[in-house]
Amino acid sequence: MPNRYREPIDRQQSTASPYARVVDLDLSFVRSQFPAFGAPGLSDQPFFENAGGSFACAQTIDALHRYYTETKVQPYAEYAASATAGEQMDASRTKWAQALGVTSDEIQFGPSTSINTYVLAKAFGEILGAGDEVIVTNQDHEANTGAMRRMAKASGATLREWRVDPATGLLDPEGLAALLTSQTRLVCFPHCSNIVGQENDVATLTAMAHKVGARVVVDGVSFAPHGLPDVGALGVDVYLFSLYKVYSVHQGLMVTANGITDDLPNQGHYFNAELANKRLTPAGPDHAQEACAGAVLDYMHATHVHHGGSTDDDLRTAVASVSQLWQMHETQLVEPVVGWLGDHDDVRLIGPSSISGGSAGEMHRCPTVAFVPRTKSSAEVASALVARGILCGSGDFYARRLLEGIDVEPDDGVVRVSWVHYTAREDIDRLLGALQDVLAAN
Ligand SMILES: Cc1ncc(COP(=O)(O)O)c(C=O)c1O
């Protein structure tokens, strides 16, 4: 098999380098922070279903254990255990605000991204009506489109669909430009599809929508595990992602920026209407998960320091540098897989086979790689890969509209292999060996 790996990048030569002295992400350090790599069934079989949910880092697990052991009481009362619980919840919010470049009032925790978008849609439905226009895509996971479509229908607003290129699954900004009008009130799109893997240019698309006065809701679920953006700098009104895919707890995190929390009608208890963090999260907080949500940022800060960053660096600086380091590592591992799949006539690779990303200003090709076997079913190929110790799956991954839009039969769907920064080159070698075995050998 030809060696398709890029040579390790010498960061002393590279303008992309976040660190002065480090050449590559230190995988032994990274993997030592994830107890799952010592667990039976996970330690010896490469995990390629990270887009479904990632392993939790030790900092997250330890924080949960501590919370449930020491402070599992109603928070914000005067006794010590309760006060500490409340302080931990506040600290999580503050840390996430720093990491994402926003304010604490703009951070909302909810049970999942699906419920966060559901509540958002309910709120938009109370202010939109006939004459207003809502744009959604057919590239999204159903969470960022279904509730908005139903909301448009119920409120009488006009729904417009920004469609992917049927051959590539990519969204063309020109397509959005053609749909925007002075009546557009809301535009919803993904930072990155959970099937196609290519980052969309959120800042540019947001600026286009803002020009006509529309609000912008971005689903960052498939992007955030590969790097935490400066959400404030992106300019979006709402940015959503799921912490359980970002090495953390099972919560949805929603950033509500540019005053949108006040503009949307309160969805919480009437007597909490003045509290920014309660207006759009009627489910009420999961205390333990909120308190422990910030622990993953300790992991990222530790990674920063381990690679030469200063202990004094703020969280935004640390997560930006670490995100860049992750992406450089991921990009090296994407190339051989999309190259292999792109070269095989027996499979249709979804998304781009060329690689960009890993340096500031470029769009990242996230390591979420989907393909359709031409002579076997996706289910059959996924089972054969699992039988060879490759932990992956097949199906529609709740992106049925996308699959229909690119002419993939959604019931069988695609085979998806997805990885993150803790994935090793040896895992990719095992994946390529198994693919060769399952797809190329007849
Ligand atoms: C791209 C994308 N958006 C939204 C969701 C929904 O997230 P949650 O499971 O937190 O509701 C998922 C879940 O897989 C997803 O992959």
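This write-up is about the structure you can find in this document.

Procedures and definitions
Residues numbered from 1 in each chain as written. Predicted model: local features only at pLDDT ≥ 70, side-chain atom pairs only at ≥ 80, totals over all residues. Heavy atoms only, no water. Pairing = 2+ DSSP bridges. Helix = DSSP H or I, 4+ residues; strand = E, 2+ residues; numbered from the N terminus. Right-handed = clockwise from strand over helix to strand, strands pointing away. Axes fitted to C-alpha atoms, helices over the stretch in contact; angles between N-to-C directions. Contact = heavy atoms within 4.5 Å. Expected span 1.5 Å × (residues − 1). Buried < 20%, exposed > 50% of the residue type's maximum accessible area, 1.4 Å probe, protein only. Polar contact = N/O pair within 3.5 Å; in protein donor to acceptor, adjacent residues only side chain to side chain. Salt bridge = Lys/Arg side-chain N within 4 Å of Asp/Glu carboxyl O. Phe/Tyr/Trp six-rings, centres within 6.5 Å; stacked < 30°, edge-to-face > 60°. Lys NZ or Arg CZ within 6 Å of the ring centre and 35° of its normal.

Two elements, strand 2 (residues 133-137) and strand 3 (residues 158-162), share five bridges in a ladder whose sense is parallel. By the bridge assignment for strand 3, threonine 137 is matched with tryptophan 162. Handedness of the crossover joining strand 2 and strand 3 through helix 5 (residues 146-155) is recorded here as right-handed.

Turning to the sheet that holds strand 10 (residues 393-395), a few remarks are in order. The strand order across the open sheet formed by four strands is 8-9-11-10, and the pairing between neighbours is antiparallel. Edge strands, defined here as strands with exactly one partner in the open sheet, are strand 8 (347-350) and strand 10. Shown here is a sheet whose adjacent strand axes are inclined to one another by a mean of 30 degrees, direction ignored.

Within a beta sheet, neighbouring strands are joined by backbone hydrogen bonds and run either parallel or antiparallel to one another. Pairing is mixed in the open sheet, where seven strands are placed in the order 1-7-6-5-4-2-3. Edge positions in the sheet fall to strand 1 (107-110) and strand 3, since each of these pairs with one other strand and no more. When strand polarity is set aside, the average angle formed by the axes of neighbouring strands in this sheet is 20 degrees. Note that strand 5 (residues 215-219) and strand 6 (residues 238-242) share three bridges and pair parallel. Bridge pairing links valine 218 to tyrosine 239 in strand 6. Where helix 3 (residues 80-100) meets the sheet, it contacts strand 1, strand 6 and strand 7 (252-256), and its direction lies at approximately 120 degrees from that of strand 1.

Between its first and last C-alpha atoms helix 12 (residues 315-343) spans 41 Å; for 29 residues at 1.5 Å apiece the expected length is 42 Å, and the two agree. Burial analysis of helix 12 places 24 of its 29 residues in the buried class, which makes it a mostly covered element.

Tracing the sequence through the fold places arginine 365 in the loop between strand 8 and strand 9 (368-373). Here the side chain of arginine 365 touches proline 352 through a polar contact of 3.3 Å, landing on its backbone oxygen. From its side chain, arginine 365 meets the backbone oxygen of threonine 368 in a polar contact 2.9 Å long.

Between side chains of opposite charge, a pair can form when the charged atoms approach closely. Using the criterion set out here, one finds 16 salt bridges in the structure. For arginine 185, the salt bridge identified is with aspartate 132, shortest N-O distance 3.1 Å. Of the two residues, arginine 185 sits in strand 4 (residues 184-190) while aspartate 132 sits in the loop between helix 4 (113-125) and strand 2, which places them 53 residues apart along the sequence. You can call arginine 185 partly exposed: its relative accessible area is 29%. In this structure, the salt-bridge partner of arginine 149 is glutamate 161, at a minimum N-O distance of 2.7 Å. Residue arginine 149 is located in helix 5, and its partner glutamate 161 is located in strand 3; the two are separated by 12 residues in the primary sequence. Through salt bridges with shared partners, a single network forms among Arg149, Glu161 and Arg163.

For the rest of this paragraph, the subject is the packing of aromatic side chains. All told, the structure shown has 16 aromatic pairs when counted by the stated rule. Taking 5.4 Å as the distance between ring centres and 80 degrees as the angle between the ring planes, the aromatic pair formed by phenylalanine 37 and phenylalanine 55 counts as edge-to-face. Residue phenylalanine 37 is located in the loop between helix 1 (27-32) and helix 2 (58-70), and its partner phenylalanine 55 is located in the loop between helix 1 and helix 2; the two are separated by 18 residues in the primary sequence. By the burial criterion, phenylalanine 37 is buried, and phenylalanine 55 matches it. Seen from their ring centres, phenylalanine 48 and tryptophan 419 are 5.8 Å apart, and the 85 degrees between their planes marks the pair as edge-to-face. Of this pair, phenylalanine 48 sits in the loop between helix 1 and helix 2 while tryptophan 419 is found in the loop between strand 11 (414-418) and helix 15 (425-440), placing the two residues 371 residues apart along the sequence. Residue class for phenylalanine 48 comes out buried when judged on its relative accessible area of 0%. Joined through ring pairs, the aromatic side chains of Phe34, Phe37, Phe47, Phe55, Tyr247, Tyr299, Trp326 and Tyr422 make up one cluster. Taking the ring centre of phenylalanine 37 as reference, the NZ or CZ of arginine 31 above it sits at 4.0 Å. The ring of phenylalanine 397 carries arginine 416 above its face, with NZ or CZ at 3.8 Å from the centroid.

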